[in-house]
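Letter by letter, the chains look like this.
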Amino acid sequence: MRRLAAVSPVLRIVLRIIGLGALVAGGVAVALAALVAVVLIGPLVFWLAWNVLNFAHAVGLPELGFWGIVLATLFLVTRWFGKVVITAIVFLADPSWFHGVAQVRWPEPTFRNFVAVALLALLASRPQTHGHHRSGRRERG
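Treat the numbers as computed from the prediction; the structure is a model and nothing was measured.

### A short note on helix H5 (residues 111–124)
Here is step 1: For H5, with 14 residues, the first-to-last C-alpha span of 20 Å sits near the 20 Å given by 1.5 Å per residue.
Here is step 2: Restricting attention to buried positions, one finds in H5 the residues Asn113, Ala116, Leu119, Leu120 and Leu123. Here the buried residues of H5 occupy an arc of 125° about the axis, which is enough to place them on one side. The outward face of H5, more than 90 degrees from its buried face, is lined by the exposed residues Phe111, Phe114 and Leu122.
Here is step 3: On its buried face, H5 is in contact with helix H1 (9–52), helix H2 (55–58) and helix H3 (66–77).

### Digging into unusual backbone geometry
Here is step 1: Phi at Asn54 takes a positive value of approximately 60°, unusual for a residue other than glycine.
Here is step 2: A residue is classified by how much of its surface remains accessible, and Asn54, at 29% relative accessible area, is partly exposed.

### Some thoughts on the packing of aromatic side chains
Any aromatic ring pair is given by two values, namely how distant the centres are and how the planes are angled relative to each other.
Here is step 1: Tallied over the full model, the rule gives four aromatic pairs.
Here is step 2: Between Trp50 and Phe55, the aromatic rings sit 6.0 Å apart at their centres with planes inclined by 65°, giving edge-to-face as the arrangement.
Here is step 3: With relative accessibility at 10%, the residue Trp50 sits in the buried group.
Here is step 4: Residue class for Phe55 comes out buried when judged on its relative accessible area of 9%.
Here is step 5: A cation over a ring is seen here: Lys83 above Phe75, with NZ or CZ 5.1 Å from the ring centre.

### Overview of the packing of H3 against H5
Here is step 1: Remark: H3 packs on H5, axes separated minimally by 7 Å, with the N-to-C direction vectors making an angle of 60°. Put simply, H3 runs oblique to H5. Packed against H3, whose contacting residues are Thr73, Leu76 and Val77, the element H5 presents Leu120, Leu123 and Ala124 at the interface.
Here is step 2: Its residues assigned to classes, the contact of H3 with H5 comprises five nonpolar, one polar and no charged.

### Thoughts on the environment of Ala49
Here is step 1: Inspection of the secondary structure assignment puts Ala49 in helix H1.
Here is step 2: Owing to a relative accessible area of 0%, Ala49 belongs among the buried residues under this scheme.
Here is step 3: It is 8.4 Å that separates the C-alpha atoms of Ala49 and Asn113, two residues lying 64 residues apart in sequence.
Here is step 4: Setting aside residues up to four positions removed in sequence, Ala49 forms contacts with Asn54, Phe55, Ala116, Leu119 and Leu120.

Criteria and thresholds
- Residues numbered from 1 in each chain as written.
- Predicted model: local features only at pLDDT ≥ 70, side-chain atom pairs only at ≥ 80, totals over all residues.
- Heavy atoms only, no water.
- Helix = DSSP H or I, 4+ residues; strand = E, 2+ residues; numbered from the N terminus.
- Expected span 1.5 Å × (residues − 1).
- Buried < 20%, exposed > 50% of the residue type's maximum accessible area, 1.4 Å probe, protein only.
- Arc of directions from axis to C-beta.
- Contact = heavy atoms within 4.5 Å.
- Phe/Tyr/Trp six-rings, centres within 6.5 Å; stacked < 30°, edge-to-face > 60°.
- Lys NZ or Arg CZ within 6 Å of the ring centre and 35° of its normal.
- Axes fitted to C-alpha atoms, helices over the stretch in contact; angles between N-to-C directions.
- Parallel < 35°, antiparallel > 145°, perpendicular 65-115°, else oblique.
- Nonpolar A, V, L, I, M, F, W, Y, C, P; charged D, E, K, R; others polar.

Purely spatial values, then, with no claim about function.
Here's what the structure looks like:
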C-alpha cells in the first residue's frame, strides 16, 4: 500500500478527530437508544403483567393507571435511593388510588399468573454487580 504523502499533518489530525467524534457519537446514540427502550418497554411489560394478565386482580389489588404503572416500574428497576424517592413522591402526591381498600391474597397457581410473575421478576432483576467490585489491593489470606 502506498501512503498518501500529499495529505498534510493538519488534515490527518482533523480526520482523526472526526473519526473519534463519530465513534463517540455512535456510542452516545446506542446508549440513548437503550435508555429509551428501557423507559418505553419497562412500563409496557409491567402493564402487560399487571393489567392485561390481571395479576392485580389475582392478588386482590386494583389495576393501575398510567402514572401508577410508571412509578411501579421505576420502583422495580431502581436501586435503594430511587425507591426512597418514589416512595416520597407517592406519599407527597397522595394519589386517589392510594386510599383504596384491598385484601391482598396469594394468587391462584395458573399459567397466566406464572407469566405475570415472571414478567415482573424480569423487570426487578438486574445484574447485581455492585457487590463484586475488585479493589486494587490483594486480599490477605
